[in-house]
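Notes for the structure review
Here is how the chains run, residue by residue.
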Amino acid sequence: MDRYARWNALLELLAESGRVTVEDAAARLDVSQATIRRDFDQLAQQQMITRTRGGAVANGVSYDLPLRYKSAKHSAEKQRIGEAAARMVEPGTVVGLNGGTTMTEVARALAVRPDLNTSGEGAQLTVVTNALNIANELLVRSRMKIVVAGGVVRPQSFELVGPLGGALLKEVTLDVVLLGVDALDVELGAAAHHEGEAAMNSLMVARAKRVVVIADSSKLGGHAFARICPISKVEVLVTDNSAPESALNAFREAGVQVVVA
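Throughout this document, residue positions are counted from 1 along each chain, in the order its sequence is written. Totals for whole chains, interfaces and linings use all residues, but because this is a predicted model, local features are given only for residues with pLDDT of at least 70 and pairs of side-chain atoms are given and counted only at 80 or more. In computing side-chain properties, one takes all heavy atoms of the structure into account and sets aside hydrogens as well as water.

Looking at the nonpolar core
Counting 32 residues, the largest nonpolar core has Val181, Leu184, Val213, Leu220, Ile228, Leu237 and Phe251 as the members making the most contacts within it. Helix and strand assignments come from DSSP, with helices taken as H or I runs of at least 4 residues and strands as E runs of at least 2, each series counted from the N terminus. Mapped onto this core, the elements with two or more residues apiece are strand S9 (174–180), strand S11 (189–192), helix H9 (195–207), strand S12 (208–214), strand S13 (226–229) and helix H10 (245–253). It is H9 that contributes the most residues to this core, four residues altogether. Pairs of residues are marked as contacts when any of their non-hydrogen atoms sit within 4.5 Å. Once you skip the residues sitting within four places of it in the chain, Val213 turns out to touch Leu179, Val181, Leu184, Val234, Val236, Leu237 and Val238. Here, nonpolar core means buried Ala, Val, Leu, Ile, Met, Phe, Trp, Tyr and Cys residues that are tied together by side-chain atoms lying within 4.5 Å of each other. To sort residues, take the accessible area from a 1.4 Å probe on protein chains only and compare it with the maximum for the residue type: under 20% means buried, over 50% means exposed, and anything in between is partly exposed. Among the nonpolar cores identified, the runner-up in size contains 29 residues, and Val89, Ala107, Leu110 and Ala135 belong to it.

Re the side chain of Thr126
Tracing the sequence through the fold places Thr126 in strand S5 (residues 126–129). According to the relative accessible area criterion, Thr126 is buried, its value standing at 15%. Residues in contact with Thr126, not counting those within four places in the same chain, are Thr93, Val94, Val95, Lys145 and Val147.

Some words on the sheet that holds S11
Pairing between two strands is assigned when DSSP locates at least 2 bridges connecting them. Across the sheet, three strands lie side by side as S10-S11-S13; this open sheet has antiparallel pairing. Each having just a single partner strand, strand S10 (183–185) and S13 make up the two edges of the open sheet. Along the sheet, successive strands turn relative to each other by an average axial angle of 35°, direction set aside. Strand direction decides the pairing type here: S11 and S13, joined by three bridges, are antiparallel. Paired with Ala190 across the strands is Cys229, a residue of S13. Fitted lines through C-alpha atoms give the axes, limited to the stretch in contact for helices. The angle between two N-to-C directions lies from 0 to 180 degrees. Strands S11 and S13 of the sheet are contacted by H9, whose axis makes an angle of about 10° with S13.

What to know about unusual backbone geometry
One non-glycine residue, Asp30, lies in the positive phi region at around 60°. Note that Asp30 resides in the loop between helix H2 (22–29) and helix H3 (33–45). Despite not being glycine, Phe158 has its phi angle at roughly 65°, a positive value. Looking at where Phe158 falls in the secondary structure, it is placed in the loop between strand S7 (152–154) and strand S8 (159–161).

Here we look at the side chain of Glu105
Structurally, Glu105 can be placed in helix H6 (residues 101–111). Beyond its immediate chain neighbours, meaning those up to four positions away, Glu105 contacts Lys78, Gln79 and Gly82.

Notes on the sheet that holds strand S3 (residues 55–58)
Strand order in this open sheet of three strands is S1-S3-S2, and the pairing throughout is antiparallel. Of all strands in the sheet, those bounded by a partner on one side alone are strand S1 (19–21) and strand S2 (49–52). Strand after strand, the sheet turns through a mean of 25° between neighbouring axes, direction not considered. As defined by bridge partners, S1 adjoins S3 across three bridges and the pair is classed as antiparallel. Looking at S3, one finds that Thr21 is bridged to Gly55. H2 rests against S1, S2 and S3 of the sheet, and its axis sits at about 80° to S1.

Written out as structure tokens, the structure reads:
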């Protein structure tokens, strides 16, 4: 287990229990206590946790982990979802992408599709995004037209939020928005942990002809602080095969097309 995967596991333990000892963490992760002490010290320096005698306690930020700590979670599922979502994009269209680890996989899958990387007239894909890492993934690996919404960078997700980006989004039209979310519920709709991200995502939804939500099974039926849009706005859900059939049927009954990767 590499360092970031180990930190992710430690933060998840703290999110579940609120407190964990060095001994317990070492046993759960099958590493030495010295390694856990170093991990706790480094996480405390970044204000991700509070160090205690013999262990650590959770800070509020551990419930909304920075993107770099999330990459190890459900990685295989996210890669399959990303590939399935990328297959839904047609050449020559305008696509909106927000941020997050699952959307990073979508961007990588889009970048390697040769039919989306031609410079022929009318064939070039245009991507509108408010996430710096998504723009970077596409810029270094493709020949697509990339439009980045402005705003203030949110370090946890690398997304740009605020009125500067909102002004740009109000002036564009998207053929489809591929939307990563923190939670998707039949009654509550799509939601994000951070209100600034939710506001930007909501603008993308308003400017899109089609809305495709990209969410691994852990996000389904969950709750998050700020709503992006009601379920009635969502045309397609792309998720993984770990999702319970009962949950998928609930989305189908709400009029959402479900694609299982």
